[in-house]
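Geometric and topological summary
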Protein chains: 2
Amino acid sequence: MKYKKHVFICTNQKDAPKKCCGSERGSALVDAFKASLKEKGLLSEIRAQKTGCLDVCAFGPGLVVYPEGVFYGNVQLSDVEEIVESHLIGDQAVERLVIA
Amino acid sequence: MKYKKHVFICTNQKDAPKKCCGSERGSALVDAFKASLKEKGLLSEIRAQKTGCLDVCAFGPGLVVYPEGVFYGNVQLSDVEEIVESHLIGDQAVERLVIA
């Protein structure tokens, strides 16, 4: 597998009255994940990137970690370091943020 | 897992002299995958969506299928049906398009 973990963070922007990841700090999350991975020297094995709608709008901002296919919702910037350390490095999902 | 297969197709557009998936039919590929999956009634179990740069620009247009993490490159619109039938439904990657 090209990447040990591959994180897709929704940055979709839509013209709708519904909540939307892109307008709810999606892009800031992408930057925060990339900065954390870069600082730890992990960019070659773990990739975090923006993506389109993941169809979890109601739980946004949303992201998914593959290959496990674990979806996270309502992710705050302050949660990024915990997801990186616990899940991306330690292989333990951060259960309190997982979308059931 | 929310989706049996999750396909991320690069539609990134960049201002660079290098080849770039978004300008090389990335969006048309997203539409073609979605149309095929819809026609087959598979949208609830298989998702195809646009994504940002997958870092396989030289092989673009590129896409990745998870949970396997198989990357495809130089995908033509005429390849979509084969990827859907063989890989997304039949679990056999289309080897001639796989990025090694």
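Nothing here was measured: the structure is a model prediction, and the numbers come from that model.

1. Quick word on the interface of chain A and chain B
Of the residues lining the interface, 21 residues belong to chain A; the matching set on chain B comes to 21 residues. The contact between chain A and chain B buries some 1,600 Å² in all, and 55% of this surface belongs to carbon and sulfur atoms. Broken down residue by residue, the surface that chain A buries against chain B is led by M1(A), K2(A) and Y66(A), which jointly contribute 27%. Between the two partners, chain A and chain B, sit zero salt bridges. Where chain A packs against chain B, one counts 15 residue pairs in polar contact (both at pLDDT 80 or more). Of all the elements in the fold, those that place two or more residues in the side of chain A that touches chain B are β1 (5-10), β2 (46-51) and β3 (63-66) of chain A. Ranked by residue count, the leading element in the side of chain A that touches chain B is β2(A), at four residues. Taken together, the residues of the side of chain A that touches chain B sort by class into ten nonpolar, six polar and five charged.

2. Quick word on the layout of surface pockets
Leftover empty space is mapped by rolling, across the atoms, a probe with the size of a water molecule. Looking at the largest pocket, its volume works out to about 220 Å³. Looking at the lining of the largest pocket, the elements that each hand over two or more residues are β2 of chain A together with β2 (46-51) of chain B. Estimates place the volume of the second largest pocket at around 160 Å³. For the second largest pocket, the full set of lining residues is N12(A), G52(A), C53(A), V30(B), K34(B), R47(B), Q49(B) and K50(B). Of all elements in the fold, only α1 (26-39) and β2 of chain B reach the threshold of two or more residues within the lining of the second largest pocket. Grouping the amino acids of the lining of the second largest pocket by side-chain chemistry returns two nonpolar, three polar and three charged.

Procedures and definitions
Residues numbered from 1 in each chain as written. Chains lettered and ligands numbered in written order. Predicted model: local features only at pLDDT ≥ 70, side-chain atom pairs only at ≥ 80, totals over all residues. Heavy atoms only, no water. Contact = heavy atoms within 4.5 Å. Buried area = accessible area lost by both parts, 1.4 Å probe. Salt bridge = Lys/Arg side-chain N within 4 Å of Asp/Glu carboxyl O. Polar contact = N/O pair within 3.5 Å; in protein donor to acceptor, adjacent residues only side chain to side chain. Helix = DSSP H or I, 4+ residues; strand = E, 2+ residues; numbered from the N terminus. Nonpolar A, V, L, I, M, F, W, Y, C, P; charged D, E, K, R; others polar. 1 Å grid on protein atoms, 1.4 Å probe; cavity = no way out; pocket = protein on both sides within 12 Å on 5 of 7 lines; lining within 4 Å. Points joined across faces, edges and corners; volume = space filled by probe spheres on them.

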